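# Summary of structural features
Each chain, letter by letter, is given below.
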Amino acid sequence: MELPDDDFLIEELVCNESFQCYCLGISLENHILWEDWMNNLPERAFDIEQAKKLVNILTLKQGSRLEQVRALKTGFKQQEEFAQLLKFVPDQNITNAEKLLYSDERPVLKTPGGFYKYRSFAAAAIIILVSLYFIQHNYSSSRNLWTEQPLAASVFSSGHVPRKTVILPDGTLITLHQNSEIKLTKNFNPVKRELWLTGEAFFEVKHDAKHPFVVHTPFNDIKVMGTSFNVKAYPNSGLIETSLIHGSVQVASKRYPGYRVLLKPDEKLSFHSAPDLKDDDLKNIFRVSALNRNAQTNKSEETRWIHQPMVIDNEPLTVIAEKLQSWYGIGIYIADPEVKAYRYSGTFENESIIKTLEALQTAYPFKFKTEQNRIILSK
């Protein structure tokens, strides 16, 4: 795979198929390469973030992702052609109002064509803004992922089922492993995001830099802004593991106040409960290592419990929904009969039910909304 040059354009990055897969979590094969590439370009962080947002907006919209990318390419091409055309607009076509507009805050260049360059840049900016408005408008009106509603409970337990999925009011998705439990802080909301974990859970935290998400375990506190990670903290095991897939997390020790460990993607922190040690021996009980990845699938062994290839061979959505309910431990209700008849084929390997549904959306235009204990599909 060939990564873009340092002087890439945002539209080039958006149209890069490997970058799209990275943003959507479809495949983790190139994840490390893209993370390393971005870490080496801190000066382009803003442009990279804008490209990610564009990919997400285009993909979450109903319809085929490939068709949307083709439309985006066409839009950028038309933008360039229109900008070139405006460079040659005769001077007499410029209205007094336009002259005032462009000469108010910035001087009109006296060089040949200088004034027209301002016009072409402004026109290009208007095209992009209008395009993004319609994309965002269609996205917002066609789909409502996270429903704002109070939680009916503050404690969630998986019991003896293999997995149980819980969707929090801030959009965070949690998959509980067998015999695991989370307890939310009182009045949990998108501003106050804090919970206690007993057992094991996979988290996909909704990003919010101003309001960190905190997971408390018996010995450590895990602070995140928005990321994907797995925490294994069963009582009486003597071992607590925090495995980071995307983003960054900070693990703070309760037993040793002030001692913190910052994890990077594909790293795992193993905490071994033991008698108090001297400060210079702390690394013996707070061990950072690379995730154990399967050589064939490139999947981490730490999150194998949540991964399972789902093979679908021309099956209706009703059958697929039953499989998803059984695997992820959350109810799925199909509101429209027409949607029930949609048929699919393919293999899906995703961390969460949300990503699986998003992958299915690339084939048929259905929408879904999430509630605390179920997901509703409709046309």
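What comes next is a walk through the structure.

A separate point is the side chain of His177. If you trace the backbone, His177 turns up in strand E3 (residues 173–177). Under the relative-accessibility criterion, His177 is labelled buried at 18%. With near-sequence residues (within four places) excluded, His177 lies in contact with Ser158, Pro162, Glu200, Tyr234 and Trp305.

Now for helix H8 (residues 317–328). In this model, H8 (12 residues) spans 16 Å end to end at C-alpha, consistent with the 16 Å of a helix rising 1.5 Å per residue. If you check which residues of H8 are buried, you get Leu317, Ile320, Ala321, Leu324, Trp327 and Tyr328. Down the axis, H8 shows its buried residues gathered within 130° of arc, on one side only. Across from the buried face of H8, at angles greater than 90 degrees, the exposed residues are Glu322 and Ser326. Of the residues flanking the end of H8, it is Gly329, one or two places downstream, whose phi is positive at about 70°.

It is worth spelling out the packing of H8 against helix H10 (residues 353–361) at this point. In the contact formed by H8 and H10, the axes pass within 11 Å of each other and the chain directions differ by 165°. One element, H8, and the other, H10, form an angle in the roughly antiparallel class. Between H8 and H10 the crossing geometry is right-handed. Packed against H8, whose contacting residues are Leu317, Ile320, Leu324 and Tyr328, the element H10 presents Ile353, Thr356, Leu357 and Leu360 at the interface. For the contact of H8 with H10, the per-class residue count stands at 7 nonpolar, 1 polar and no charged.

Now for the packing of aromatic side chains. The full count for this structure, using the stated rule, is 12 aromatic pairs. With centroids separated by 5.3 Å and ring planes inclined at 50°, the aromatic side chains of Phe8 and Trp37 adopt a geometry described as tilted. With Phe8 in the segment before helix H1 (10–14) and Trp37 in helix H3 (residues 31–39), this residue pair connects regions lying 29 residues apart in the sequence. Relative accessible area serves as the criterion here: at 4%, Phe8 is assigned to the buried category. Taking the relative accessible area as the measure of exposure, Trp37 reaches 8% and is therefore buried. On the numbers, 6.2 Å between centres and 35° between planes, the contact of Phe19 with Tyr22 is tilted. With Phe19 and Tyr22 both in helix H2 (residues 17–24), this residue pair falls 3 residues apart, about one helical turn. Tyr22 matches Phe19 in its accessibility class, with the two residues each being buried. Among the aromatic side chains, those forming a connected cluster through ring pairs are Phe8, Phe19, Tyr22, Trp34 and Trp37. It is Arg44 that lies over the ring of Phe8; its NZ or CZ is 4.0 Å from the centre. Seen from the ring of Trp327, Arg163 lies directly overhead, with NZ or CZ sitting 3.2 Å from the centre.

Basis of the calculations
- Residues numbered from 1 in each chain as written.
- Predicted model: local features only at pLDDT ≥ 70, side-chain atom pairs only at ≥ 80, totals over all residues.
- Heavy atoms only, no water.
- Helix = DSSP H or I, 4+ residues; strand = E, 2+ residues; numbered from the N terminus.
- Buried < 20%, exposed > 50% of the residue type's maximum accessible area, 1.4 Å probe, protein only.
- Contact = heavy atoms within 4.5 Å.
- Expected span 1.5 Å × (residues − 1).
- Arc of directions from axis to C-beta.
- Axes fitted to C-alpha atoms, helices over the stretch in contact; angles between N-to-C directions.
- Parallel < 35°, antiparallel > 145°, perpendicular 65-115°, else oblique.
- Left-handed = near helix turned anticlockwise from the far one by under 90°.
- Nonpolar A, V, L, I, M, F, W, Y, C, P; charged D, E, K, R; others polar.
- Phe/Tyr/Trp six-rings, centres within 6.5 Å; stacked < 30°, edge-to-face > 60°.
- Lys NZ or Arg CZ within 6 Å of the ring centre and 35° of its normal.

So yeah, pure geometry; function would need other evidence.
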